[in-house]
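Here's the letter readout for the chains.
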Amino acid sequence: MSNGTAEFQAFSPGEETSEIAKNNPSAFLSQITGAKVAVKLNSGVEYRGDLQCVDGYMNIALEQTEEYVDGILKNQYGDVFIRGNNVLYISSI
């Protein structure tokens with residue numbers, strides 16, 4: 001950051017791990033948009049689906065989503081919207 005604006009470097013979506021994504025969570029989230037992800041909530045419930053978008057508050061939209069409780073598949077949903085303050089982590093799978 002030089003003049004108060006964020007500077008982002010371009011990267012190829014095909015890169016599995018890049019130095020940019022390791023040091024920049026925003027770049028990591030941009031890189032995995034459209035991919036299968038696991039979203040673990042503070043409650044312990046995990047959602048797995050296709051990441052459609054994430055905003056600055058960590059609100060998440062998933063498609064073709066499965067809900068896991070204690071590692072057991074409980075439900076399947078089309079679209080899921082998760083409020084950011086409930087998110088413990090997001091992981092690509």
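Residues numbered from 1 in each chain as written. Predicted model: local features only at pLDDT ≥ 70, side-chain atom pairs only at ≥ 80, totals over all residues. Heavy atoms only, no water.

If you check an unreviewed UniProt entry, the chain appears there as Sm domain-containing protein from Lipomyces tetrasporus. UniProt, in the comment section headed Sequence similarities (unreviewed entry), describes the chain in these words: "Belongs to the snRNP Sm proteins family. SmF/LSm6 subfamily." (UniProt positions renumbered as here; feature names shortened; annotations may be inferred.)

The next subject is the pattern of salt bridges. Pairing is possible between side chains that carry opposite charge, provided their charged atoms lie close to one another. Tallying each qualifying case throughout the model produces 2 salt bridges. In this structure, the salt-bridge partner of Lys36 is Asp50, at a minimum N-O distance of 3.4 Å. Taken as a pair, Lys36 in strand β1 (residues 36–41) and Asp50 in strand β2 (residues 46–54) lie far apart in primary sequence, 14 residues in all. On the accessibility criterion, Lys36 (39% relative accessible area) is partly exposed. Across the pair Arg48 and Glu46 runs a salt bridge whose closest N-O atoms are separated by 2.6 Å. Judged by relative accessible area, Glu46 falls into the buried class, the value being 11%. (Salt bridge = Lys/Arg side-chain N within 4 Å of Asp/Glu carboxyl O. Helix = DSSP H or I, 4+ residues; strand = E, 2+ residues; numbered from the N terminus. Buried < 20%, exposed > 50% of the residue type's maximum accessible area, 1.4 Å probe, protein only.)

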